[in-house]
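Remarks on the overall topology
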Amino acid sequence: MAKEEENIGGIDPARTIVGLDIGSSKIGVFIGQLEENNKVRILGFGNPPLKKGDANELEATVQALKKAVGDAELSSGVDVKEVYVGVAGSNIRSVASQASIPLREFNGVVTKEAMKRVVEQASQLVQRPADMDIIHVLPGDYVLDERGGIKNPQGMEGTSLSVEVQLVLAQKGIVRNISKAVEGAELTVKGLVLEPLADACCVLENDEKELGVAIIDIGATSTDVAVFKEDKVVYTVSFDIAGNAITSDIAIGLTTPMDRAEEIKKMYGTCRRSNLLDEVTFTVPGIGGRPGKDCSRKHLAYIIYCRMNEILMKVHDDLKNKGFDGSLGAGIVITGGTSLLEGTQELAEKIFERTPVRLGAPRKPDEGFSEIVCMPTHSTGVGLLYYAALNDQPKERRETRTTKIVGSVGSKLGRIWSMLKNYI
Ligand SMILES: Nc1ncnc2c1ncn2[C@@H]1O[C@H](COP(=O)(O)OP(=O)(O)OP(=O)(O)O)[C@@H](O)[C@H]1O
Ligand SMILES: [Mg+2]
């Protein structure tokens, strides 16, 4: 590329990063630029819908992905080459492991190499099914001799070093399918990231992660959870049930097509059951030429409440079984598109009892596209940028450039705005 092209509109190709969220209801491609102090400037994005069922069909995913990439390139003026991709769902499993090494070989001093060795050993000790790949190795605190709770023991002296790690495993099939879709759109996977870990990067505050918090992303087909304590990931889990199950209950309960049930959910849906009057009604169109009928909002609320209660109870029971009830000082943060359902916070507060609950969305980006991307449906896509900013330093990226600039940003602004209107 010609040198003069490299800094158009203040964009530095060596510092651009791309997040790809292959959701069940939409594809999200976010392009950002890493600024000083791990800040991220969002340069552009594309977010076309995926029709129900399409997410499992490779060709439909590739087409939607191409559209998302095209929109994101147009809005940023950056040509996408490599992407950080989110993974989630019940094909993912998190397991804990621990290991201990003597420090004799390191002259009794904890070096970076010793820390690396003990983490590697803990990863190798895990009994991993042959059909699963490791996508994250997340070290917890270190123990030096008898002294535990050490975040960074580098330079300290002792005789043995131990660590507990969380390993996130993904089924090889899901990893292959993601690669196929990404390669089908002529892109390369730069890294796979567990979705709630990406969410956490743009939704959670540092002090929440320090105090103890569970982030719950309720999307279209999966509800994904990550628990943080003392700034470390201590547990992750996914359930294959989310907003689409609510839509399908509405379709069955009100005998209406799925797309109409989806509209009704977004327009009249609530999981709040108090203060609803039987008299407040809306019209449900009939199926197969049958006449439409009136339905009370109270009846709709009951259908939604039952399923939302089930989803949140699954998470509650699992966290309780794993011993996290009462120990999450900063409580629960709920994100993902389904968190937009009115009454979600109140219902979660009842279920999680004395635990504080808040709704979460990407915090205002450091620069660019603020309001538009601050939606809970974008937590994963935006979070992937922040994850990449923390984990992929520009020096490394300069050698293997992820993107190149394809044109002037300024000249495209008019088209960008007309395109963005579709997303607001
Ligand atoms: N205003 C709204 N009220 C209620 N539900 C909503 C609203 N907006 C979006 N949803 C629901 O949110 C879900 C989509 O959320 P999101 O975009 O986070 O999912 P996804 O990332 O595509 O799916 P997944 O993460 O499960 O693969 C859909 O079920 C949709 O019906
Ligand atoms: Mg999602």
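The structure reproduced in this document is the subject of the present report. Just so we're clear, the structure is a prediction, and the values are computed from it rather than from any experiment.

**Things to note about the overall build of the protein chain**
- Along the protein chain, the regular secondary structure elements total 13 helices and 18 strands.
- Expressed as a percentage of contacts within the protein chain between residues at least 6 apart in sequence, the contacts between residues at least 24 apart total 69%.
- If you sum the accessible surface of the protein chain, you get close to 19,700 Å²; carbon and sulfur atoms cover 49% of it.

**Looking at the site of ligand 1**
- Near ligand 1 there are 19 residues, and of these Ser24, Ser25, Thr221, Glu262 and Lys265 occur at the shortest range.
- Here an oxygen atom of ligand 1 sits 2.6 Å away from a polar atom, N or O, in the side chain of Ser24.
- In the environment of ligand 1, an oxygen atom lies 2.4 Å from a nitrogen or oxygen atom belonging to the side chain of Glu262.
- Protein chains shield 90% of the accessible area of ligand 1, which is 650 Å² for the free molecule.
- Of all the secondary structure elements, the ones that give two or more residues to the shell around ligand 1 are helix 6 (243-253) and helix 7 (258-268).

**Re a negative patch on the surface**
- A cluster of acidic residues, Glu205, Asp207, Glu210, Glu230 and Asp231, forms a negative patch at the surface.
- Considering the arrangement of structural elements, one finds Asp231 in the loop between strand 12 (223-229) and strand 13 (232-239).
- On the accessibility criterion, Asp231 (42% relative accessible area) is partly exposed.

**So, the packing of helix 8 (residues 297-321) against helix 9 (residues 344-351)**
- Relative orientation of the contacting elements helix 8 and helix 9 amounts to 45 degrees, with a least axis distance of 10 Å. Judged by the inter-axis angle, helix 8 sits oblique to helix 9. Considering the relative orientation of helix 8 and helix 9, their crossing is right-handed. Only Thr344, Leu347, Ala348 and Ile351 of helix 9 make contact with helix 8, whose side of the interface consists of Tyr305, Met308, Asn309, Leu312, Met313 and His316.
- Residue composition of the contact of helix 8 with helix 9, grouped by class: seven nonpolar, three polar and no charged.

**Remarks on the sheet that holds strand 11 (residues 213-218)**
- On the basis of which strands lie adjacent, the open sheet formed by five strands has the order 13-12-11-16-17 and mixed pairing. Only two strands of the sheet have a single neighbouring strand rather than two, namely strand 13 and strand 17 (357-359). Taken over all neighbouring pairs, the strand axes of this sheet differ in orientation by 20 degrees on average, direction set aside.
- Note: strand 16 (residues 332-335) against strand 17, three bridges, orientation parallel. Residue pairing for strand 17: Ile334 is matched across the bridge by Leu359.
- Where helix 4 (residues 195-203) meets the sheet, its contacts fall on strand 11, strand 12, strand 13, strand 16 and strand 17, and the angle it forms with strand 12 comes to roughly 60 degrees.
- The sheet contacts of helix 9 involve strand 16 and strand 17, and relative to strand 17 the element is tilted by about 160 degrees.

**Describing helix 6**
- Counting buried positions along helix 6 yields eight of 11 residues, so the element is predominantly enclosed.
- Inspection of helix 6 places Gly243, Asn244, Ala245, Ile246, Thr247, Asp249, Ile250 and Ala251 among the buried residues, and these make up the whole buried set.
- Tucked into the core, helix 6 has its buried residues touching helix 7 and helix 8.
- Following helix 6 by one or two positions, Thr255 has its phi on the positive side, about 45 degrees.

**Some words on the environment of Leu192**
- For Leu192, the location among the structural elements is in strand 10 (residues 188-194).
- Residue classification places Leu192 among the buried residues on the basis of a relative accessible area of 19%.
- In contact with Leu192, other than residues within four places in its own chain, are Val85, Val87, Ile135, His136, Val175 and Ile178.

**Some details on the packing of aromatic side chains**
- Overall, the coordinates contain three aromatic pairs when judged by the stated rule.
- Consider the rings of Tyr235 and Phe324, whose centres lie 5.7 Å apart with planes at 35 degrees: the pair is tilted. Of this pair, Tyr235 sits in strand 13 while Phe324 is found in the loop between helix 8 and strand 16, placing the two residues 89 residues apart along the sequence. Across this residue pair, the class does not change: Tyr235 and Phe324 are buried.
- Seen in terms of ring centroids, Tyr268 and Phe282 are 4.4 Å apart; in terms of plane orientation they differ by 10 degrees. Their pairing is stacked. Of the two residues, Tyr268 sits in helix 7 while Phe282 sits in strand 14 (residues 281-284), which places them 14 residues apart along the sequence.
- Under the relative-accessibility criterion, Phe282 is labelled buried at 4%.

**A look at the environment of Ile11**
- By secondary structure assignment, the location of Ile11 is in the segment before strand 1 (16-22).
- Along the chain, Ile11 and Leu43 lie 32 residues apart, while their C-alpha atoms are 8.6 Å from each other.

**Some remarks on the nonpolar core**
- Leu20, Ile27, Val29, Leu65, Val83, Val182 and Phe228 are the most contacted members of the largest nonpolar core, which totals 62 residues.
- Per-element tally for this core: the top contributor is helix 11 (residues 379-391), with seven residues.
- Of the residues that make up this core, three or more belong to each of domain 1 (3-81 + 363-423) and domain 2 (92-170).
- Those residues in contact with Val182 that sit more than four places away from it in its chain are Leu20, Leu65, Val83, Val85, Leu187, Thr188 and Val189.
- By size, the runner-up hydrophobic cluster in this structure holds 39 residues, among which are Ile250, Ile304, Ala348 and Phe352.

**A closer look at the side chain of His316**
- Locating His316 in the fold gives a position in helix 8.
- With residues near it in sequence (within four places) discarded, His316 still touches Ile351 and Phe352.

About the criteria used
Residues numbered from 1 in each chain as written. Chains lettered and ligands numbered in written order. Predicted model: local features only at pLDDT ≥ 70, side-chain atom pairs only at ≥ 80, totals over all residues. Heavy atoms only, no water. Helix = DSSP H or I, 4+ residues; strand = E, 2+ residues; numbered from the N terminus. Contact = heavy atoms within 4.5 Å. Areas by Shrake-Rupley, 256 points an atom, 1.4 Å probe, with all protein chains shown as cover. Near = heavy atom within 4 Å. Polar contact = N/O pair within 3.5 Å; in protein donor to acceptor, adjacent residues only side chain to side chain. Patch = residues over 30% accessible without salt bridge, like charges linked within 9 Å, V, L, I, M, F, W, Y side chains within 5 Å. Salt bridge = Lys/Arg side-chain N within 4 Å of Asp/Glu carboxyl O. Lys, Arg positive; Asp, Glu negative; His and termini not counted. Charge placed at Lys NZ, Arg CZ, Asp CG, Glu CD. Buried < 20%, exposed > 50% of the residue type's maximum accessible area, 1.4 Å probe, protein only. Axes fitted to C-alpha atoms, helices over the stretch in contact; angles between N-to-C directions. Parallel < 35°, antiparallel > 145°, perpendicular 65-115°, else oblique. Left-handed = near helix turned anticlockwise from the far one by under 90°. Nonpolar A, V, L, I, M, F, W, Y, C, P; charged D, E, K, R; others polar. Pairing = 2+ DSSP bridges. Phe/Tyr/Trp six-rings, centres within 6.5 Å; stacked < 30°, edge-to-face > 60°. Core = buried A, V, L, I, M, F, W, Y, C linked by side-chain atoms within 4.5 Å. Domains from an automatic or database assignment.

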